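Chain by chain, the residues:
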Amino acid sequence: MGRNSASPDRVSSGEEDDDNNAAASTTTGIGFHSIRDRIRFKRNPNPNAPTSSLNTTKDRPSTKTTSDRRRSHHHSRPASNTRKFLLFPFRGRSLFYFCLFFAVFVFALASMVLQSSIASMVFRMGSGSERKGRSVREGLKFGSSLQFVPRINVSLDRARSEHRLGVRPPRLALVLGNMKNDPVSLMLYTVVKSLQELGYLFKIYAVDDGKARSIWEKVGGQIIILSPERYHQIDWLIFEGVIVDSLKARAAISSLMQEPFCSVPLVWAIQEDTLANRLPLYEDMGWERLISFWRSSFSRADVIVFPDFSLPMLYSVLDTGNFFVIPGSPIDVWAAESYSKSRSKMQLRTDNGFNKDDMLVLVVGSSFFYNDLSWDYAVAMHDIGPLLLKYARGKDSREAFKFLFLGGNSTEGYSDALQEIATRLGFHHGSVRHYGMNGDVNRLLLMADIVLYGSSQDVQGFPPLLTRAMSFGIPVIAPDYPVIKKYVVDGVHGMIYPKHQPDALKRAFSLLISKGKLSKFAHSVASSGRLLAKNMQASDCVTGYAKLLENVLTFPSGALLPGQISKLKQGIWEWNLFSMGMEQGIMDQNVPYMRNSSIVYALEEQLTNHIDLGDGNQSEPETLAQDIPTDVDWDILREIENSEELESLEMEEIEERMEKDSGVWDEIYRNARKAEKLKSEGHERDEGELERTGQALCIYEIYDGAGAWPFLHHGSLYRGLSLSTRAQRMRSDDVDAVGRLPLLNESYYRDILCEIGGMFAIANSVDNVHKRLWIGFQSWRAGGRKVSLSTKAEQVLEEKIREETKGDVIYFWAHFGMDSGLSGSNDALTFWSTCDILNGGNCRTAFEGAFRRMYALPSHIEALPPMPEDGGHWSALHSWVMPTPSFLEFIMFSRMFADSLNSLHTNSSKITACLLSSSNLEEKHCYCRILELLVNVWAYHSARKMVYINPHTGSLQEQHPIEQRKGYMWAKYFSFTLLKSMDEDLAEAADDDDHPSEMWLWPRTGEVYWQGVYEREREERYRLKMDKKRKTKEKLLERMQNGYIQKPLGRRKLKK
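Residues numbered from 1 in each chain as written. Predicted model: local features only at pLDDT ≥ 70, side-chain atom pairs only at ≥ 80, totals over all residues. Heavy atoms only, no water.

> Tell me about the sheet that holds strand β13 (residues 495-497), and name the residues and values.
Strand order in the open sheet formed by six strands is β10-β9-β8-β11-β12-β13, and the pairing between neighbours is parallel. Strand pairing shows two members of the sheet lacking a second neighbour, β10 (432-435) and β13, which therefore form its edges. The sheet shows a mean angle of 20° between the axes of neighbouring strands, taken without regard to direction. Sheet strands touched by helix α21 (residues 502-511): β8 (359-364), β9 (401-406), β11 (450-453), β12 (476-479) and β13. Its angle to β13, the strand with the most contacts, is close to 165°. (Pairing = 2+ DSSP bridges. Helix = DSSP H or I, 4+ residues; strand = E, 2+ residues; numbered from the N terminus. Axes fitted to C-alpha atoms, helices over the stretch in contact; angles between N-to-C directions. Contact = heavy atoms within 4.5 Å.)

> Can you tell me about the state of the cysteines, naming the residues and giving the values?
For the structure on display, the rule yields three disulfides. Put simply, C835 and C843 are joined by a disulfide, and their sulfur atoms are 1.8 Å apart. When the S-S torsion is 70°, as for the bridge of C835 with C843, the disulfide is right-handed. Numbered by order of appearance in the sequence, the disulfide-linked cysteines of the protein chain pair as 1-6, 2-3, 4-5. (Disulfide = S-S within 2.5 Å.)

> Can you lay out the packing of helix α37 (residues 884-904) against helix α41 (residues 976-991) for me, pointing to particular residues and giving the numbers?
Orientation of α37 relative to α41, taken along the N-to-C sense of each, is 50°, at an axis distance of 10 Å. It follows that α37 is oblique to α41 by the angle criterion. Of the two possible hands of crossing, α37 and α41 adopt the one that is left-handed. Seen from α37, the contacting residues are E889, M892, F893, R895 and M896; seen from α41, they are F976, L979, K980, M982, D983 and L986. Residue composition of the contact of α37 with α41, by class: seven nonpolar, no polar and four charged. (Parallel < 35°, antiparallel > 145°, perpendicular 65-115°, else oblique. Left-handed = near helix turned anticlockwise from the far one by under 90°. Nonpolar A, V, L, I, M, F, W, Y, C, P; charged D, E, K, R; others polar.)

> Tell me about helix α22 (residues 520-534), residues and numbers included.
Taking 1.5 Å of rise per residue, 15 residues should cover 21 Å, and α22 covers 22 Å from first to last C-alpha, within 8% of that figure. Listed as buried for α22 are A522, V525, A526, G529, L532 and A533. In an axial view of α22, the angular spread of the buried residues amounts to 125°, which keeps them on one side of the axis. Residues of α22 that are exposed and point over 90 degrees away from its buried face: K520 and L531. In this fold, the buried residues of α22 make contact with α14 (331-340), α19 (464-471), α20 (482-487) and β15 (517-518). (Expected span 1.5 Å × (residues − 1). Buried < 20%, exposed > 50% of the residue type's maximum accessible area, 1.4 Å probe, protein only. Arc of directions from axis to C-beta.)

> Before we move on, could you go through the packing of aromatic side chains and cite the residues and values that matter?
Enumeration according to the criterion identifies 43 aromatic pairs in this entry. Judged by centre distance (5.5 Å) and plane angle (75°), the ring pair of Y189 and W216 falls under edge-to-face. Pair noted here: Y189 is in helix α8 (residues 183-197) and W216 is in helix α9 (residues 213-220), with a separation of 27 residues, a long-range link. It is R343 that lies over the ring of Y339; its NZ or CZ is 4.1 Å from the centre. The cationic tip of R895 hangs over the ring face of W1002; the distance from NZ or CZ to the ring centre is 4.4 Å. (Phe/Tyr/Trp six-rings, centres within 6.5 Å; stacked < 30°, edge-to-face > 60°. Lys NZ or Arg CZ within 6 Å of the ring centre and 35° of its normal.)

> A description of the pattern of salt bridges should follow, citing residues and the corresponding values.
Across all of its chains, the model carries 26 salt bridges by this definition. The salt bridge involving K486 is made with D540; its shortest N-O contact spans 3.6 Å. Here K486, found in helix α20, pairs with D540, found in helix α23 (residues 538-552); they are 54 residues apart in sequence, far enough to count as distant. Since its relative accessible area comes to 30%, D540 is described here as partly exposed. Overlapping salt bridges, with partners in common, bring together D209, R213 and E217 in one network. (Salt bridge = Lys/Arg side-chain N within 4 Å of Asp/Glu carboxyl O.)

> Mind laying out a nonpolar patch on the surface, listing which residues take part and the relevant values?
A contiguous nonpolar surface patch, about 260 Å² in accessible area, is contributed by V632, I636 and I640. Inspection of the secondary structure puts I640 in helix α27 (residues 631-657). Relative accessible area serves as the criterion here: at 42%, I640 is assigned to the partly exposed category. (Patch = residues over 30% accessible without salt bridge, like charges linked within 9 Å, V, L, I, M, F, W, Y side chains within 5 Å. Areas by Shrake-Rupley, 256 points an atom, 1.4 Å probe, with all protein chains shown as cover.)

> Go over the nonpolar core with me, naming the residues and quoting the values.
I762, F777, W880 and F887 are the most contacted members of the largest nonpolar core, which totals 86 residues. In contact with W880, not counting residues within four places along its chain, are M759, I775, G776, F777, I810, Y811, F812, W813, S875, F887, F890 and V935. (Core = buried A, V, L, I, M, F, W, Y, C linked by side-chain atoms within 4.5 Å.)

Keep in mind these values describe shape, not function.
Listed below in structure tokens is the structure:
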């Protein structure tokens, strides 16, 4: 799934068809677009400049094309009599219709002029408002609407129709910023519980403890509290995906930004606006380092999920094409119920100068324009104007109707301007008032009798203020926007009127009024609306997350697919579990509820401490400029370096001409050996390398990426083996697998071979790196899954090795089913059925094909080696120890098998699809899972003794005793003599450039050696020996004829 697979976004006209709007609002596609692509006017302050991604449609769009305009231009020169006729071409009935049309046109024009004058008079004092959202308003025009249009349709229908051998549920990690008893936890808990019904298994981590811990333990079991040092001690690869719920859990994302965890799908749900409010400050202060830091964190997430459509706008600076919106949150309902339990409606009216008989009509707008009232309400004046004239200026109103406008900032003079224009238009004193969004919004909503949604914006998400008003039990009136009609039934939960029709608005308003008070019908609507609002978007929120996970996650072969989303029964929030949190405390609801994000300020202080980027002091650039070297400084430095180099050369020449005492021969010999030793060693030996001297065993821990470093061991028994040069640990003697095997420098082969590629690198000229009797390997994943050897087990293993002098044995300590305890092992599964589960159901087919091709077996001969069903353990995670000669024999077999397996997936010079995968991630590591189990087949059929050592207790237990293998082993295919002859045949073919295909893998996986190579090397050594002997003889003969001539000490050559 590509992050930027997005189509150009749309800004649709406010007069588009309702059906089209409904289709756009209810689309089920899921995708991610760059906010900068969606909102081009964020980067283009000129609203008149044409852009390819922003289309605005006026109320009366022009229908003429360019050709039409040209045609009218060519025909604009008629005869004079024709021009006179065109001045007044109407007669009779047509004249009547013309006059009627002209009257309507004049009325509309006057309304527009009045609307413009009202907007300019009322809101001209708001020019100093905040810039937050200003670029959005500058790019839009009257009657236009802003839409967030994601479009990627991916589903699991095809995967569900295919045969699948999954045996375990899909596993997800949930990282909580805290466990407070708040609406954010309520929303997330409801989602997690519903996802569990679909078959997901959760493991929960938390940054901070909280009162809701007991609630979370009901769905996640034991919860692990993360400390800073524990972030990098989690093996995220055991999960199909990770969900992070807040900015506070950003530290967990830092560990996911390192290999090998970069491929783990990450969903980051952000509901705070703290960082969004700080971003404009970062831009003004020039704190690019801080912005880049957050942008890199946001780019790691596969999806950034927001609960409403306004937050992506605020975070647009950090957008990298992965923003997504899943509407639905109980925050507004929680806030309304918490506020109403401690406030009285009548008391609030008295405190704010209103009578109990006053009819308060609160006019709210779109959330995109909360901070600037003029733009949004100026368009809405066309609909609200007649309502104001009837109820705020009418003779029958008797000053009982009060229209309260909510928006903008209360300190910027909006209220005085409104009173001024109200007086000029003849409104009653106090009938029109303004309140800013920086005040107590809940107080206004609770005092109101009717809430009118007066925005001209066709929003995609349900307006949060309407949700909060319905939660207060206030009847609402709103235009017939699709998102409102989706939830609200006209006349049942609220009143809906056709947009841009003032008469319809007046009729809807009159149904709620009876003798200057709310009618019984209004109370019924308010009650129904309150019940609807409590769980209005719960089902959509749960369904949105379920669909999102299906699109983002990759389900491996061994995992079951989640259940059908249509089977979800959850349609309400889990209020019964979180009701205590709402009753215990009353939150400050002056602004929408958001969690405290102290991490934003902590990182801000941390990243700006070293260099004060926001000081604004003009003398600072001058001070910094003085510290920057100039060209003259660089010239002086260059002259000093040249003079020092010339002086050192002169001293060396003088020392060469001077006679020196050669010293004692023993000292000369010792210095020469010391120089050779320093030359051969690329770095100084560390303590681990010195301790390994004289030991019989060395275990190589294979890793790929800095994220695996915390899982590696230190000490004399272990040595790191890095599959990537860039990921190698600093100041360590880790083996660079790429340096020893150039094949691993190609990412394709490094990915499909995985850990066994590192084994090939060790076996390549093994004497240069490993000179011990025993050799072992352990994947870093063993440490991540808590199955690595304990200190006691290490001691038992070393003692057993010292005692084991006869026979061939392999010790292993990680077996099938050891997967961090998230699901138990299933002993009923056989070896080959387990292999099928891990390899897309095609393990037996691929193994049989590779084995048949490797030995050139005819089709009528069985080619799948039998494996017993005795319930014993089998090795996993490449965690085993064996004698070094046995290891080389195993590598000999593995190289040929890997080459044969690779030939099944290549067609001449072209790579075909992977047979062993059911997802893109498994296809990337195509051979890894089957090669991980290969050591079991080789050890069983080559009659190696297999011993399981418990990694915690150190107890030993032989598996699949050799006595019981008689009659099952295919020893003839695994004998050393046969494998050696096959190896030499391949080496001879490679030496003769007789490659069976262009992508022949075998010669690139290790040494190419056969008898012909040995003879050629022996002949080359003999030739060099004879050449040296001949040159020595010629030199002696020349000296006998001409005598010995002393070479001059000077650098000039003597002329002959």
